[in-house]
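Architecture and fold: a report
Here's the letter readout for the chains.
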Amino acid sequence: MQDGYAGDLRPAEAWELLKENPKAALVDVRTLPEWNFVGLPRLDSLGKETICVSWQSFPDMGMNAAFVEEVAARGVEKDQPVLLICRSGARSRSAAMALTAAGFGPCYNVAEGFEGDRDGDLHRGSVGGWKVAGLPWAQG
């Protein structure tokens with residue numbers, strides 16, 4: 001374990017773990033506007049759904065004090081692999097640490113996130129991330 005959680009996985013590695021381990025779950029910690037307008041990872045080909053629980057509350061971006069309880073309420077159990085994803089991998093890293101501290105796991109951060117890092121023009125969606133890796137996703 002590194003830094004209080006199981007570690008970082010690149011999007012393709014995350015997909016493989018989700019595919020190979022029937023108990024592995026993906027929790028998207030972004031906000032409702034991000035899920036609705038930017039898109040969501042699709043796991044239906046694996047017989048799974050992306051679990052959406054915000055790490056921070058929109059629009060003030062205050063911490064969601066009930067995050068751990070909301071993840072548990074969505075059916076995530078403490079003894080299963082949990083992969084966490086956000087826009088770029090920052091919020092999901094913090095969420096992985098929080099779930100690990102609460103006894104869940106192993107918990108992994110999906111490094112690069114859904115949209116990846118900014119490119120030279122400060123745009124996301126072309127450098128790294130779930131979408132750039134060609135993994136399934138849908139836009140609302």
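Residues numbered from 1 in each chain as written. Predicted model: local features only at pLDDT ≥ 70, side-chain atom pairs only at ≥ 80, totals over all residues. Heavy atoms only, no water.

**Focus: the nonpolar core**
Note the cut-off: Definition of nonpolar core: a set of buried residues of the types Ala, Val, Leu, Ile, Met, Phe, Trp, Tyr and Cys, connected through side-chain atoms within 4.5 Å. Three labels apply to residues, based on accessible area from a 1.4 Å probe with only protein chains included: buried if under 20% of the type maximum, exposed if over 50%, partly exposed otherwise in between. Helix and strand definitions follow DSSP, with helices as H or I runs of at least four residues and strands as E runs of at least two, each counted in order from the N terminus. In what follows, residue pairs with any heavy atoms lying within 4.5 Å of each other are defined as contacts.
Grouped together as the largest cluster of nonpolar side chains are 18 residues, with contacts concentrated most on Val-27, Val-29, Phe-67, Leu-84 and Leu-99. Counting only elements with at least two residues in this core, the list comes to strand 2 (25–28), helix 3 (67–73), strand 7 (82–85) and helix 4 (90–101). Excluding residues within four positions of it along the chain, Val-29 makes contact with Val-53, Ser-54, Trp-55, Phe-67, Leu-84, Ile-85, Cys-86, Arg-91, Ser-92 and Ala-95.

**Comments concerning the environment of Met-61**
Looking at where Met-61 falls in the secondary structure, it is placed in the loop between strand 5 (56–57) and strand 6 (62–63). Residue classification places Met-61 among the partly exposed positions, given a relative accessible area of 31%. For the pair Met-61 and Val-132, spaced 71 residues apart in sequence, the C-alpha separation works out to 26 Å.

**What to know about the packing of aromatic side chains**
Given two aromatic rings, one states the distance between the centres and the angle between the planes to describe the pair. What counts here: Pairing of aromatic side chains here covers Phe, Tyr and the six-membered ring of Trp, requires ring centres within 6.5 Å, and sorts the geometry by plane angle: under 30 degrees stacked, over 60 edge-to-face, intermediate tilted.
Within the structure shown, the criterion is met by three aromatic pairs. A ring pair is formed by Trp-15 and Trp-130, whose centres lie 6.0 Å apart and whose planes are at 70°; its orientation type is edge-to-face. Taken together, the positions of Trp-15 in helix 1 (residues 11–20) and Trp-130 in the loop between strand 8 (107–110) and strand 9 (137–138) put the pair 115 residues apart, joining distant regions of the chain. Grouping residues by exposure puts Trp-15 and Trp-130 together as buried. Ring centres of Trp-55 and Phe-67 lie 5.0 Å apart, and the angle between their planes is 85°; this geometry places the pair in the edge-to-face category. With Trp-55 in the loop between strand 4 (51–52) and strand 5 and Phe-67 in helix 3, this residue pair connects regions lying twelve residues apart in the sequence. Trp-55 gets classed as buried once you look at its relative accessible area, which sits at 12%.

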